[in-house]
Amino acid sequence: MTDQVTPLDVRPTAGHIGAEITGVDLALAPTDETVAAIRAALLRWKVLFFRGQRLDHTAHVAFARRFGTPVRLRSRGSASPGDFPEVETTADRLELGGRYGMDHDEWLRRRRHSLLRGWHCDHGARIDPPAATILRAETVPPYGGDTTWSNLAAAYAGLSAPVRAFVDTLRAEHRLGVGYQSRPGDDAYVRHLLDRQIATEHPLVRVHPETGERLLFVNGYYVEQIREVSRPESRALLDMLLEQATRPEYTVRFRWEPGSVAFWDNRATIHLAPGDTAHLDHPRVMHRVMLAGDVPRGVDGVPSVPITGSEPGRW
């Protein structure tokens, strides 16, 4: 491989989040200058899009290593490549159909039974959620399957000053499997959750370790309850904050093509995986590499506290 010396073109795609990057071939070894430019664009725009890339697993992992340490998951889907422990392959129709005794439609229905439930950051119930995710598309439907991201720094800044001051002081429990609606009788997925439970107390507002931005650390997939308030109060507050975090003006939506790559800051964003392809007779095969992250800290400097199932650096 030879070092690449092409100028980057950074084109914002929405007002608060997202930029498309051209002028770089991710399969080539980027120069330090190119890596620094991509990192700066990522911190500014939170999610970057690259089209027409020719990455294989080796190049995907090599590119990720220029920005951090790739995570090696202990458990991956059956479609993931055996020789590349850093790569997790998601093939929706292959992975979800028949898993835990549910077809694809029932799986999505029980996990995403509200409008905001599907919004999440990757592995947010861990004590150290990944710092970033690099996702590449191999096969996508001819239509549908878009992914949407939201800027949590912009969402926090958009709150009124009294509300910002209030949420700065709060902490919340993030737990794997929150909100899943169990099947009547025996439920294999409930048993799976109980055997592999992960939960952490995170600040409701975390401070970005590189930019210093304050981030509204909420999502619909993992957050169980705001601590030290009643459950009705917690539910009302979370509904308000989730609606704030997912307002259209803070989001960007990306149309995938084969060879597309999305690189997002998992600390500063939440995203919504598509739910509009279950009825399409077409596969959607994606490959994901995540970068190891730090333990979040709140405005007061107090770090997150593990409750069960994870410890920093151990996956």
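Residues numbered from 1 in each chain as written. Predicted model: local features only at pLDDT ≥ 70, side-chain atom pairs only at ≥ 80, totals over all residues. Heavy atoms only, no water.

1. With respect to the packing of aromatic side chains
Then, in step 1: In total, this model carries nine aromatic pairs according to the counting rule given.
Then, in step 2: Arranged with centres 5.4 Å apart and planes meeting at 55°, the rings of Phe-49 and Trp-149 form a pair that is tilted. Here the residue Phe-49 occupies a position in strand S5 (residues 47-50), and Trp-149 occupies one in strand S8 (residues 147-151), the gap between them amounting to 100 residues. Like Phe-49, the residue Trp-149 is buried in the burial classification.
Then, in step 3: Geometrically, the ring pair formed by Phe-63 and Phe-263 is edge-to-face, given 6.0 Å between the ring centres and 75° between the ring planes. (Phe/Tyr/Trp six-rings, centres within 6.5 Å; stacked < 30°, edge-to-face > 60°. Helix = DSSP H or I, 4+ residues; strand = E, 2+ residues; numbered from the N terminus. Buried < 20%, exposed > 50% of the residue type's maximum accessible area, 1.4 Å probe, protein only.)

2. Quick notes on the pairing of strand S17 (residues 285-291)
Then, in step 1: For S17, a buried count of seven out of seven residues is recorded, marking the element as mostly surrounded by other parts of the structure.
Then, in step 2: Alternating positions in S17 separate into two faces, Val-285, His-287, Val-289 and Leu-291 on one and Met-286, Arg-288 and Met-290 on the other, with burial throughout.
Then, in step 3: Direction of pairing for strand S6 (residues 88-91) relative to S17: antiparallel, over a ladder of four bridges. By the bridge assignment for S17, Ala-91 is matched with Val-285. (Pairing = 2+ DSSP bridges.)

3. Some words on unusual backbone geometry
Then, in step 1: Even without glycine at this site, Lys-46 takes up a positive phi of about 75°.
Then, in step 2: On the secondary structure map, Lys-46 appears in the loop between helix H1 (32-45) and S5.
Then, in step 3: Take Lys-46: its relative accessible area is 2%, and that puts it in the buried class.
Then, in step 4: Positioned with a positive phi, Glu-228 is a non-glycine residue whose angle comes to about 65°.
Then, in step 5: Assignment of secondary structure puts Glu-228 in the loop between strand S13 (223-226) and helix H8 (231-245).

4. Thoughts on the nonpolar core
Then, in step 1: Counting 29 residues, the largest nonpolar core has Val-167, Leu-204, Leu-216, Val-218, Ile-226, Leu-241 and Ala-245 as the members making the most contacts within it.
Then, in step 2: Of all the secondary structure elements, the ones that give two or more residues to this core are helix H5 (152-157), strand S12 (214-216), S13 and H8.
Then, in step 3: Setting aside residues up to four positions removed in sequence, Leu-216 forms contacts with Leu-152, Ala-155, Tyr-156, Leu-159, Leu-204, Leu-241, Gln-244 and Ala-245.
Then, in step 4: Grouped together as the second largest cluster of nonpolar side chains are 25 residues, Leu-48, Ala-59, Ile-134 and Val-289 included. (Core = buried A, V, L, I, M, F, W, Y, C linked by side-chain atoms within 4.5 Å. Contact = heavy atoms within 4.5 Å.)

5. Structural notes on the pattern of salt bridges
Then, in step 1: Tallied over the full model, the rule gives 27 salt bridges.
Then, in step 2: In this structure, Arg-126 engages Asp-128 in a salt bridge whose closest nitrogen and oxygen atoms are separated by 2.6 Å.
Then, in step 3: Look at Asp-128 and you get buried, because its relative accessible area is 2%.
Then, in step 4: Of the charged contacts in the structure, one is a salt bridge between Asp-265 and Arg-267, with a shortest N-O distance of 3.0 Å.
Then, in step 5: With a relative accessible area of 0%, Asp-265 lands in the buried category.
Then, in step 6: On the basis of relative accessibility, which here comes to 8%, the residue Arg-267 falls in the buried class.
Then, in step 7: Each member of the salt-bridge network shares a partner with another, and the members are Arg-171, Glu-173, Arg-175, Glu-201 and Arg-227. (Salt bridge = Lys/Arg side-chain N within 4 Å of Asp/Glu carboxyl O.)

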